[in-house]
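This is what each chain is made of:
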Amino acid sequence: MLFNSINFAIFLPIVFILYWFATSGNFKRQNILLLVSSYFFYACWDWRFMFLLIFSTLLDYFTGIKIYEAKNKKKKLFWLWLSIGINLGFLGVFKYYNFFAASFADGLSLLGFKANLGSLQVILPVGISFYTFHGLSYVLDLYKNRIKPERNFVDYSVFVSFFPLLVAGPIERATHLLPQILKKREFEYPKAVDGLRQILWGLFKKIVIADNCAEYANTIFNHSADYSGSTLVLGALFFTFQIYCDFSGYSDIALGTARLFGIDLLRNFAFPYFSRDIAEFWRRWHISLSSWFKDYLYIPLGGSKGGMWMKIRNTFIIFIISGFWHGANWTFIIWGFLNALYIMPSIIFNTHRNNLDIVAKGKFLPTIKEFLSISITFGLTVFAWIFFRAANVTHAISYISMIFSSSLISIPSFPGIGLTPPIILLTILFLIIEWLGREQQYAIAHLGLKWNKPLRYAMYYSIIIAIILFGGNKQQFIYFQF
Amino acid sequence: MRKFLLRILVFTLPILIVAYPIDYLISKYLSESNNYGIGEIKIWKDIYSGKINSDLVIYGSSRAWLHISPKIIEDSLQISSYNLGMDGHNFWLQYFRHKELLQFNKKPKYIILSVDIFTLQKRTELYNYQQFLPFLLWNKDINQYTSSYTGFSTYDYNIPLIRYSHELEALIAALESFTNYHNTNLRIKGYMGTEKKWNNDLDNAKSKVDAYEIKLDSASVNLFEQFINECHDERINLILVYSPEFIDGQSFVKNRQEIISKYEYFARKYNLLFLDYSKDELSMQKQYFYNAEHLNKNGSEIFTNKLIKDIKAQMHNKGYIQ
C-alpha cells in the first residue's frame, strides 16, 4: 500500500476513526489497533514476508529480555550477538547474497578460476533494512543499559511495526518511540492539523516533483549514450531532486501520519540541499540513519577519541557501510566512499561542526560566501548521486566521462516526455518555498498560518490541484528497495 | 476532535460537491476532441451520437484505419462508409465497438474485417486507455467491457476525477475542444493516411528476438466465430481481408501460416470472402510501407483501390451484386 495511493487514502481515515473513537481512549486498545493495522498495511505489500517481520520482532523481543536478565557480561554478549547475527543473517541472505556470490565469482575469475555459486531468486522483503535496524537499536540500547526491556509483546511490536515508519523509516530509537507507545495519547487539534499539512506537503514533493523528475532522470540515465554532456548534467540534477523529494516526501507523510495518532517520529530531513559543507549535509540528510550509524557504529568503533587516524578510519568505515546499507551494488559503496572523501577536509581541519545553525537565519537571502558554499556542496552531492543512480560502476564512469566531453558546452536537450515548462517552474517554486521555510520542521509548516481562512484554504486547494494536474506517472518510492 | 472532523468536512465538502459537475464538464468536452487518444475518442463519440450510419464499415486494428480509406470507397462504390479500426487492439475490443455500433446506429450492409496475426490474441493491458477517459464514469457498457483489461482501477471507474489525475494532456485536450482551438480532425471517417518514410522498427525488433510465436486466445477465437454467426443472422455481408504486410517481416512470426489457416478455415466454413494480400505484389514493395505491418498513405490508397476492385469482382462472381 503506497502512501500516494487511493487505498491508503481509504485505509488512513478508517484507522484514524477507529483509533480515536472505538478504543475509548485506552492506549492498550489503541496499540492493538495500531498493530493489527500495521500488519494489514505490511501484508498489502506481500503477506508472505509477514513471517519475517514477526520472527524479527519475536527475536528481538526475547533476546532483549534475555540480555536484560543475564547475570554476567558473557551471557549478555551471547544474547546480543545471537540477535545481531540472526538479524544481519536475514539481511545478508535477502539483500546481499547475490552480491557476495557474484563478487566472489568475479574475484576468482580474475585469478583464472571459474566459480558459479548460483544466485538466489529472492524478492527483497520491503522494509527489511529499516525494521532490522529498528530491532538492532533496541537490543544494543538494552545491552548498554540505556533502556529496560518492554515485556508487553503488543507494545513492543508496535514499536517495530508502526505502519507510518515500517517500510522506509525514519529508523526510530526505543528511547524515543517506546515511551510514546506506553503512555495514553490524547487527541491534540494543532498536532493533527499540522500532521495533515505535513502529509499534504509530502504528497506534493513525491507526486509533483519526484515523480516528474523521475521520468526525466530515468530517460536520461537509461539512454545516457544518446545525450550530450549538458543533458547528462540535467539528468543528474533531475535525479538529485527526485531522490530528495521522493524520500523526504515519504518521510513527511510518515511523520504527518504518525502525528494524527498523537505520535512524534524522528525528523529525517532538514533541508539538506541548503547545506554549506558536506558535514552539515550529513546532519540534514536521512538524519535517522546517519545518527544510527554514529551511535551504534562510529562511537563503538572509538569515534574520534583515538586521534586523527582513528577518526579518519572510522569515518570511512561508516560511510562505506552506509553506502552498502543502501544496496548490494558497488555503486553504493563508491557513493559512500566519495562522501567520506568529501568530508575528510573538514575532519582533518576540524571544521566539521562549523555550520550547526540554519543558513542565513532570519535573513531573506544568503551572503555570497554562503551561496558559494551551498553551491559547491550541492555540486559535490550531485556528482556523488551519479554513482547512486547508475546501473553499475561502468555506467557511472561512462556517464561522467560523457559529461566532461566537448558536448558539455552545448544546449541541453530535454527528452520528449511530459510537459517540461510547468515542471521546471514548479520545481523552482518548490525550491523557493523550501528556502523560505527552512527554519521550520518542513517547508510549509508555518506558511499561511496567519492568513485568513479562505486564503489559507486556497493555498491548500492549489497544492491539491497541482498534485492532481501535474503529478507524474506513479513511481515506487526509491527507498522501498533498501 | 469534533472541531477537527468538522474542519475536515468543511475543507473537503467543496471538493465533493464540485467533483461530479467538473468530471461531467471535462468528460463532455474531452469526448468532443477530434484528435486525443489517436483520434479514437472522435470515433466513440460518432458511434454514441449515431453519426456512423454507414452501409459499409471497416473493422480491425491500426492495419485497418491506416490501410483502408472510406472516402475512396464512397467515391468508387457510391455507398456510405466509415473506418472503425482501433489502434493496437485485437478482436476482443473490436467486437465491443461492433456491438456499440449496432446499438446506436443503423445496421451496416457490409463489414470489411481486417484480420492480421494479432487479431485472435488478447492483450491484457488497456492500450491507449486515454480513449476511454471521457466515458469511464458515464458509460456502463465501456465500464463493463474494459474492466477485463488491466489499466484502470475500481476507483477510476467509480469516483469522479480520479482518472484525470496525472492526465494534464487530457485536460488540455478538453480545453482545446471547449475553445475549439487546435481541435482539428486527426482521422477522416476513421481513416488516416500517413506520409511516414520507412523506419527502423523491423530492424530493431529483429535485433531483440529472432522470431516469436503468437498465442491465440481461445475466447477470442470463439468470439470471432460468434461474430461471424451474428453477421450471418443479421444478414450483414462480412468480408475478411488480410491487408498487405511487407515480405521481410513475414518470417518474424513462427506460426503465421497457422493463424492465416484459421481465417481460411472460417472463410470456408461460413462461405465468406477472404482476401489475402500478404503475397500480393504490394507486399513486396518497401516504398509503400513505413514499417513491416503498416502501409504509408500512397500504399494505402493503392491498396484501397485494389481492394474495391477485387471485392467488386468477387461479389459479382458470387452473385452478391450485379
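Residues numbered from 1 in each chain as written. Chains lettered and ligands numbered in written order. Predicted model: local features only at pLDDT ≥ 70, side-chain atom pairs only at ≥ 80, totals over all residues.

### Examining the overall build of chain A
Scanning chain A from terminus to terminus reveals 18 helices and zero strands. Over its C-alpha atoms chain A spans a radius of gyration of 23 Å, differing by no more than 12% from the 23 Å that the globule rule assigns to 482 residues. Judged by the C-alpha coordinates and their principal axes, chain A covers about 70 × 70 × 45 Å. Looking at the 482 residues of chain A, the share that counts as buried comes to 42%. A fraction of 73% describes how many contacts in chain A between residues 6 or more apart in sequence connect residues 24 or more apart. (Helix = DSSP H or I, 4+ residues; strand = E, 2+ residues; numbered from the N terminus. Rg over C-alpha atoms; globule rule 2.2 N^0.38 Å. Buried ≥ 20, exposed ≤ 12 C-beta atoms within 10 Å, placed from the backbone. Contact = placed C-beta atoms within 7 Å.)

### Quick word on the nonpolar core
Counting 116 residues, the largest nonpolar core has A:Val139, A:Phe159, A:Leu166, A:Cys213, A:Ala217 and A:Phe387 as the members making the most contacts within it. Contacts of A:Leu166, omitting those with residues within four sequence positions, involve A:Ser38, A:Phe41, A:Tyr42, A:Gly127, A:Tyr131 and A:Ser161. Core analysis: the second largest hydrophobic core is formed by 62 residues, B:Trp92, B:Ile112, B:Leu240 and B:Tyr242 among them. (Core = buried A, V, L, I, M, F, W, Y, C linked by C-beta atoms within 7 Å.)

### What to know about the sheet that holds strand β3 (residues 110-114) of chain B
Residues and elements named next belong to chain B. Pairing is parallel across the open sheet formed by five strands, whose spatial order is β2-β1-β3-β4-β5. Across the chains shown, the open sheet's two edge strands, defined by having one partner strand only, are β2 (81-83) and β5 (273-276). The average angle at which neighbouring strand axes cross in this sheet is 15°, direction not considered. By the bridge criterion, four bridges tie strand β1 (residues 56-59) to β3 in an arrangement that is parallel. Looking across to β3, one finds that Val-57 is bridged to Ile-111. (Pairing = 2+ DSSP bridges. Axes fitted to C-alpha atoms, helices over the stretch in contact; angles between N-to-C directions.)

### Digging into the pairing of strand β4 (residues 237-242) of chain B
All names here are of chain B. Buried residues dominate β4, accounting for five of its six residues. Bridge analysis of β3 against β4 gives five bridges, and the strand direction is parallel. When the sheet's bridge partners are listed, Ile-111 is paired in β4 with Leu-238. With four bridges connecting them, β4 and β5 associate as parallel partners. Bridging from a neighbouring strand, Leu-240 pairs with Phe-274 of β5. You can see the chain leave β4, run along helix α11 (residues 256-269) and come back into β5, and the turn it takes is right-handed. (Right-handed = clockwise from strand over helix to strand, strands pointing away.)

### With respect to the interface of chain B and chain A
Each partner contributes residues to the interface: chain B has 10 residues there, and chain A has 13 residues. Of all elements in the fold, only α1 (2-30) and α8 (168-179) of chain B reach the threshold of two or more residues within the side of chain B that touches chain A. Counting residues per element, the side of chain B that touches chain A draws most heavily on α1(B), which supplies three residues.

### Structural notes on the packing of helix α10 (residues 229-260) of chain A against helix α16 (residues 393-403) of chain A
Residues and elements named next belong to chain A. At a closest axis distance of 7 Å, the pairing of α10 and α16 adopts a crossing angle of 125°. Between α10 and α16, the angle falls in the class oblique. From α10, Gly-229, Leu-232 and Val-233 reach across to α16, where they touch Tyr-399, Met-402 and Ile-403. Split by residue class, the contact of α10 with α16 holds five nonpolar, one polar and no charged. (Parallel < 35°, antiparallel > 145°, perpendicular 65-115°, else oblique. Nonpolar A, V, L, I, M, F, W, Y, C, P; charged D, E, K, R; others polar.)

### Concerning the confidence of the model for chain B
Looking at chain B, the pLDDT average stands at 92 and 98% of residues meet or exceed 70. Interface scoring of the predicted complex returns ipTM 0.73; its pTM is 0.81. (pLDDT = per-residue confidence, 0-100.)

### Comments concerning α16(A)
For the α-helix, the turn length of 3.6 residues means that residues three or four positions removed from each other point alike. Residues and elements named next belong to chain A. Every buried residue belonging to α16 is among Ala-396, Tyr-399 and Ile-403, and all of these are buried. Buried residues in α16, looked at end-on, bunch into an arc of 65°, giving them a common side. Along α16, exposed side chains directed more than 90 degrees from the buried face belong to Thr-394 and Ser-401. Buried residues in α16 make contact with α10, α14 (330-348) and α15 (368-389). (Arc of directions from axis to C-beta.)

### What to know about the environment of B:Ser27
All names here are of chain B. Assignment of secondary structure puts Ser-27 in helix α1. When the C-alpha atoms of Ser-27 and Ser-148 are compared, they prove to be 22 Å apart, with 121 residues separating the residues in sequence. Excluding its chain neighbours within four sequence positions, the residues that come into contact with Ser-27 are Pro-134, Leu-137 and Trp-138.

### Focus on unusual backbone geometry
Phi is mostly negative for residues that are not glycine, and the peptide bonds are mostly trans. Even without a glycine there, the phi angle at A:Ala360 is positive, about 50°. A count of 18 C-beta atoms within 10 Å places A:Ala360 in the partly exposed class. Even without a glycine there, the phi angle at B:Asn180 is positive, about 60°. Relative to the elements of secondary structure, B:Asn180 occurs in the loop between α8 and α9 (201-208). Accessibility expressed as a C-beta count within 10 Å gives 10 for B:Asn180, which makes it exposed.

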